[in-house]
Each structure stands twice: as C-alpha cells, then as structure tokens.
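Fold and geometry: a report
The residues making up each chain are set out below.
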Amino acid sequence: VTGAAIFPAGEKPRTPRNVVAWAHPTSGVVTRCAPTLMPDLAGTVQGIDYMLDAQYVIVATDYVGLGTKDTHPYLVGISAARSVIDSVRAARHIKDSGAGKRFAVWGHSQGGHAALFTGEHVRAYAPELELVGVAAAAPATYLTALFEADKDTQSGRSLTAMALHSWSRFFKLPLDPIVEPGAFNAFQTMASDCIESIEDFLKEDRDEKRLEKRAFLKVDPTSVASWRAIMDRNTPGQSASAAPIFLAQGTADEVVRPHITR
C-alpha cells in the first residue's frame, strides 16, 4: 500500500504529535488513480492548513491497489480500515515525524466508508493505537440502497461501473452475466477513469455520456445473490465503533442520498 505522511518542518517535538488519518474520496479504481501520484496531493486533503497549524501529523493512504499493481478492493471495508490504520503505524516509524499513538480518522465519501470501518476494526487490528474520533462526511453506508438510488443517474452509472470492475477482479466474479456485450468496451473505459483533476472530470463526463446511450447492465446487481452479498458484507455499522462518530451530510447531495445516510 502506498501513501503519504505530512507533518510540520523542524525538530521532532518532545511530546508525541497527534495524528489525523485522511481517507480520500473515490479517485478511481485503477493503479494510476492513486492520490499520491497527483502533483498536489496536499491540496486534496480537506482541512490540511488547520491540521498543520495544530501541529498534527497527517497520513493519507492510497488504499490497496491504487499506486501499486494489486487490484483495488473498492468499498471493501476491512481492507480500507487496515490501509488507514497501517498508515498511522507507518508514520510512527518516520524519522522526525513525532507521531504518537493517538489518532483520529477523517474521510469523505469512499473515505467516509473507510473511516467508519476503521472505527469498527481498530481495537482488534491495532490495540497499540488509540482512536479518539471518527469523522465521516457523506459516507457510503447502505451499499445496496445507494446502488438502487443511483443506478439511473449519470454519476451513479460511473460509480457502479467502478464498483463492478473492482469487485469482479477482487472477488473473481465474471462480468458477462451482468454487463451487456455491446456495452462492454464503454463500461471498461468508464470503470477505468480517474476522478481527481478537472481534466479527469471532463473525460469522465464524456465517457458517461457514451455509456448513457445504452443500457449497460443486463440485470440489477442488487438482485444477484453473489453481488448483493458483497454490498451487505461491506455496509458499515455491523459492530460498535471504538470511538465517537461525527457524521456530516449535505441535504442536497444527489450522489450520497441524505435519507440513506440518515
């Protein structure tokens, strides 16, 4: 797993620094979509100026498979949680970071999903760390409900394509039974888009319009047991969080629907 650690310049402090683990929103599901491959990673971390002024260490995992040759397990909760937690562990080994064991996790969208799962898994996975808070903005929560709500929207088609592309590889599930043959090339193009820069968003918009011209799904994946099981298994909230949760949700959000988050 690749990632970044950002901390104030100067000598290592006498007392350990608090850590904020940033869990990034959806950037894509293929290797080149890793945030650390962007020229301005720091500009993508929401609240970075405040956190550095407070002398925090910021860690930003790419998650498994972004920036490496592995398959990215998109919205697979335990993988995301471990990536976040391991980024905190890694920062503690960086000379002069001063990173201590106390951390908060902060994420948006896909990262909100990762943050919630971090709260659920940290005690068992990293008992040496102390999670003090979970902050999640517009997190992916009930995945089946989100898929059903978004399947006929432009952004929903994009995210559906990314999820199916990732899960088919990670869980070894064939796409032939659910993707129309005539739409397969457009589907693969859409699924391989990154959504980080302005240029990325413009390309995604063009690819979405091409996919919009045809129905690319043979069946609703939420109605297929093997695909629905992935969604159900990776819905957060199935065990208690190790720390208090702050949840933020825009009431006009048309991708992560407010009623689902509520």
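Here, every reference points to the structure presented above.
Notes on the structure in this doc start here. Note that the coordinates shown come from a computational prediction; the quantities given were computed from them, not determined experimentally.

A tally of helices and strands in the protein chain yields nine helices and six strands. At 18 Å, the protein chain has a C-alpha radius of gyration in line with the 18 Å of a compact globule built from 262 residues. Across its three principal axes, the protein chain shows a C-alpha extent of roughly 60 × 40 × 35 Å. Excluding contacts between residues fewer than 6 apart, the proportion of contacts in the protein chain whose partners are at least 24 apart in sequence is 80%. Here the protein chain has roughly 12500 Å² of accessible surface; of this, 54% comes from carbon and sulfur atoms. Between the mean site of the 27 positive side-chain charges and the mean site of the 29 negative ones, the protein chain shows a separation of 5 Å.

The phi angle at tyrosine 63 is positive, at roughly 75 degrees, despite the residue not being glycine. Within the secondary structure, tyrosine 63 is located in the loop between β3 (57-61) and α2 (77-91). Residue alanine 138 is not a glycine yet carries a positive backbone phi of 40 degrees. Locating alanine 138 in the fold gives a position in the loop between β5 (130-137) and α4 (143-150). Residue classification places alanine 138 among the buried residues on the basis of a relative accessible area of 7%.

Let us now look at the environment of arginine 262. Following the sequence through the fold, arginine 262 ends up in the segment after α9 (258-261). Exposure remark for arginine 262: the relative accessible area of 80% places this residue in the exposed category. Along the primary structure arginine 262 and threonine 141 are separated by 121 residues, whereas in three dimensions their C-alpha atoms are 9.7 Å apart.

It is worth spelling out the packing of aromatic side chains at this point. In this description, a pair of aromatic rings is defined by centroid distance and the angle of the planes. On inspection of all chains with the given rule, the structure shows five aromatic pairs. Through successive ring pairs, a cluster of aromatic residues spans Phe184, Phe187 and Phe216. We note arginine 89 situated over the ring of tyrosine 125; from NZ or CZ to the ring centre the distance is 4.7 Å.

Residues Phe103, Val105, Trp167 and Trp227 are the most contacted members of the largest nonpolar core, which totals 58 residues. Not counting chain neighbours up to four residues away, the residues in contact with tryptophan 227 comprise Leu164, Trp167, Ser168, Leu173, Pro174, Leu175, Ile178 and Pro221. Judged by nonpolar contacts, the second largest core, of eight residues, contains Ile6, Val20, Ile48 and Ala60.

Now for the sheet that holds β3. One open sheet accounts for six strands, arranged β1-β3-β2-β4-β5-β6; its pairing is mixed. Lying at the two open borders of the sheet, with one neighbouring strand each, are β1 (3-6) and β6 (245-248). Strand-to-strand twist of the sheet, defined as the mean angle between neighbouring strand axes without regard to direction, takes the value 20 degrees. Where strand β2 (residues 17-23) lies against strand β4 (residues 99-108), six bridges are found, and the strand directions are parallel. Along β4, the bridge assignment pairs valine 19 with phenylalanine 103. Packed on one face of the sheet, α2 meets β2, β3 and β4 and runs near 135 degrees to β3.

Here we take up the packing of helix α5 (residues 154-170) against helix α6 (residues 184-191). Relative orientation of the contacting elements α5 and α6 amounts to 90 degrees, with a least axis distance of 8 Å. Viewed along their axes, α5 and α6 adopt a mutual orientation that is roughly perpendicular. Contacts between α5 and α6 involve Ser158, Ala161, Met162, Leu164 and His165 from the first element and Phe187, Gln188, Met190 and Ala191 from the second. Taken together, the residues of the contact of α5 with α6 break down into six nonpolar, three polar and no charged.

Quick notes on the rules
- Residues numbered from 1 in each chain as written.
- Predicted model: local features only at pLDDT ≥ 70, side-chain atom pairs only at ≥ 80, totals over all residues.
- Heavy atoms only, no water.
- Helix = DSSP H or I, 4+ residues; strand = E, 2+ residues; numbered from the N terminus.
- Rg over C-alpha atoms; globule rule 2.2 N^0.38 Å.
- Contact = heavy atoms within 4.5 Å.
- Areas by Shrake-Rupley, 256 points an atom, 1.4 Å probe, with all protein chains shown as cover.
- Lys, Arg positive; Asp, Glu negative; His and termini not counted.
- Charge placed at Lys NZ, Arg CZ, Asp CG, Glu CD.
- Buried < 20%, exposed > 50% of the residue type's maximum accessible area, 1.4 Å probe, protein only.
- Phe/Tyr/Trp six-rings, centres within 6.5 Å; stacked < 30°, edge-to-face > 60°.
- Lys NZ or Arg CZ within 6 Å of the ring centre and 35° of its normal.
- Core = buried A, V, L, I, M, F, W, Y, C linked by side-chain atoms within 4.5 Å.
- Pairing = 2+ DSSP bridges.
- Axes fitted to C-alpha atoms, helices over the stretch in contact; angles between N-to-C directions.
- Parallel < 35°, antiparallel > 145°, perpendicular 65-115°, else oblique.
- Nonpolar A, V, L, I, M, F, W, Y, C, P; charged D, E, K, R; others polar.

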